[in-house]
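Residues per chain are reported as follows:
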Amino acid sequence: MKVKILWAIITLCTYNLSFAEKTMNNNPKWTEQVQTVLDVTKPLVYNRGNRLPLFTNLTSDPGQLDDKSAGYLVYELNKRGIGIICSWSPGKREESLSQAMVIARAQQKLGLSVNINATSCMYSFFNGDERTAHIDENGNAFFDTTLWSQKMGCPFAIDFRKQDIREQIEYFARAYENEGIDIGFIWADWEIDGPLEVNGAHETSKKCVRCRNNIKNIDDFSVFQKKIREMRSYLQYYVYSEPILSRFPNALVGNYAVYPHNGYRYWLDYFEADEYVDGQPYIKDHRAKYRTWYNDYPSTGYTYAMPTVYTWYRIFNWYDFDNPDYRWFYNMLLVASNAGKSTPANIPIITFVRWHTTDAPEKPDPNVKQFGSEAYQELLWHMLLRGTDTFFVWCGGEETSEEVRLVHEVYAEAQQYGEFLGKGMPVNFDVPEYPGTVISGLVLRDRVLIRRTDFGTSHKPVEIIIGVQKISVEYAPGICRIIELP
Ligand SMILES: [Zn+2]
């Protein structure tokens, strides 16, 4: 194996410029999106060591490459600290496996993480089969139709589906195992399927004879949510994390929006109703109603946390701060801090991020101002100083260049503080309730890496307790400082 790695390094080091230029400029073998990422990012100045790469949907599935192009692309993106992800598609098994394997071999040869998107393998428990429906008291089948167009059925009628779904994962996992390829990172976006408690799911389940028989006190939403989330966690463990971890025990396995938290969810996803559902518990903050959330992470078997920190259009009007940037910043930092303080230090946090206003209606209110790019980059810094390990950039179309550039600049610059990022402990999770001074830091032994961002007008030093000492943090816009603790 060592000989193979040496060979790969020699080969890649001797790639000559004419090949690179020809491949990149005249006849790119990979997707346009990948080329955009290559164009807008630069090789890292500070080595990322063994810290996680930056992930993006743009560098997923770069196309059917030959070994040489795959090796070159993996190498070039890795110089920029960016990982390639390949999808497993049960609908086209051989084709997707063959595309993914070329990249996986190149990643393994270079000693890099092999990264997988298992989303398609997770669908669908609710495949429209009448056997998955709820049952009313007259014996009639019915579905919950409040979650987009999915025919969401009865959580107690899908046990027979789990073996088929697990096999969709295992087909690919076996192929990697047989070829001696280790999986480093695998993610899925399993959302609108399986047991769920959001939108009209509770109301629908209450009308189902089978649900009523199985969940005592089903009328109590908290009881219902707990049971549904436990079932949801079990399915993720059974079809996904267990078959992966039994073969690749060191793999990072996770799912979109599944992460440890404090019992509240500060955001709503694309498919969720605009506001909280009447009668369900929440806490109020300004105009926002944050729903209670069941801590489903521990029973999934996942080995990393995957929060979602997006500029959801609707959050802008949850707050009335005069500073429009702080409306975004406040909510998004609440989400990131919630994950940061709830996740043990040995569990990586890989966070989905998106800058352009997300899920805006066809005719958006012109008063909803786009989050400023500088404030967004400040947010990314504070996330890193509150436990986020790396970002997963999610974007498309014309937004691509700017989305990637903004995140990559912060990611690249942050690598100079590698020891803090790798071994430091977050010291502050406070999010000021009104625009003011935001401070985040990572302490490592007797030094603390600090960033201060001001949304108010006062530039006076601010005192903060770090460990058992009070230190003064000076106004220092746009930079991190390292303070020696006295
Ligand atoms: Zn039911």
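Remember, predicted model here, so these are calculated numbers, not experimental data. (Residues numbered from 1 in each chain as written. Predicted model: local features only at pLDDT ≥ 70, side-chain atom pairs only at ≥ 80, totals over all residues.)

S.K.: Could you clarify how one ought to interpret the nonpolar core in this entry?
M.R.: Considering soluble globular proteins, one finds that nonpolar side chains tend to be buried as a cluster. With 128 residues, the main nonpolar core has Leu-73, Ile-103, Ala-118, Met-122, Ile-186, Ile-244 and Leu-380 as its most contacted residues. Take this core: its biggest share by element is nine residues, from helix H10 (residues 324-342). Apart from the residues lying within four places of it in its own chain, the contact partners of Ile-103 are Ala-70, Val-74, Ile-84 and Cys-86. (Core = buried A, V, L, I, M, F, W, Y, C linked by C-beta atoms within 7 Å. Buried ≥ 20, exposed ≤ 12 C-beta atoms within 10 Å, placed from the backbone. Helix = DSSP H or I, 4+ residues; strand = E, 2+ residues; numbered from the N terminus. Contact = placed C-beta atoms within 7 Å.)

S.K.: Sorry if this is basic, but what is going on with the packing of H10 against helix H11 (residues 373-384) here?
M.R.: Each packed pair of helices is defined by two parameters, the angle between the axes and the distance between the axes. H11 packs onto H10 with a crossing angle of 20 degrees between their chain directions and a minimal axis gap of 10 Å. Between H10 and H11, the angle is such that the two are roughly parallel. In the packing of H10 onto H11, the handedness of the crossing is right-handed. Along the contact surface, H10 presents Asp-325, Phe-329, Met-332, Leu-333 and Ala-336, while H11 presents Ala-375, Leu-379, His-382 and Met-383. Of the residues that constitute the contact of H10 with H11, the class distribution is seven nonpolar, one polar and one charged. (Axes fitted to C-alpha atoms, helices over the stretch in contact; angles between N-to-C directions. Parallel < 35°, antiparallel > 145°, perpendicular 65-115°, else oblique. Left-handed = near helix turned anticlockwise from the far one by under 90°. Nonpolar A, V, L, I, M, F, W, Y, C, P; charged D, E, K, R; others polar.)

S.K.: What is the right way to read helix H9 (residues 221-245) from this model?
M.R.: Three or four residues apart is the spacing at which side chains of an α-helix point the same way, because the helix has 3.6 residues per turn. Along its 25 residues, H9 runs 33 Å from first to last C-alpha, staying within 8% of the 36 Å computed at 1.5 Å per residue. For H9, the principal kink sits at Tyr-237 and spans about 45 degrees. (Expected span 1.5 Å × (residues − 1). Bend = angle between axes of the 7 residues up to and from the residue.)

S.K.: Looking at this structure, I do not really get the pairing of strand E12 (residues 350-358). What am I missing?
M.R.: Two faces belong to every sheet, and in a regular strand the side chains alternate between them. Across four bridges, strand E11 (residues 308-312) lies against E12 in parallel orientation. Along E12, the bridge assignment pairs Tyr-310 with Arg-354. A crossover connection joins E11 to the parallel E12 through H10; in handedness this β-α-β unit is right-handed. Both E12 and strand E13 (residues 390-393) contribute to a ladder of four bridges, which runs parallel. Its bridge partner being in E13, Ile-350 is matched across the sheet by Thr-390. (Pairing = 2+ DSSP bridges. Right-handed = clockwise from strand over helix to strand, strands pointing away.)

S.K.: Sorry, what's going on with the sheet that holds strand E9 (residues 282-285) here?
M.R.: The strands making up a sheet associate through hydrogen bonds between their backbones, and the pairing can be parallel or antiparallel. What the three strands build is an open sheet, ordered E8-E10-E9; its pairing is antiparallel. On the outer flanks of this sheet lie strand E8 (264-265) and E9, each paired with one strand and no other. Summarising the sheet, E9 and strand E10 (residues 288-292) pair through four bridges and their orientation is antiparallel. Bridging from a neighbouring strand, Lys-284 pairs with Lys-289 of E10.

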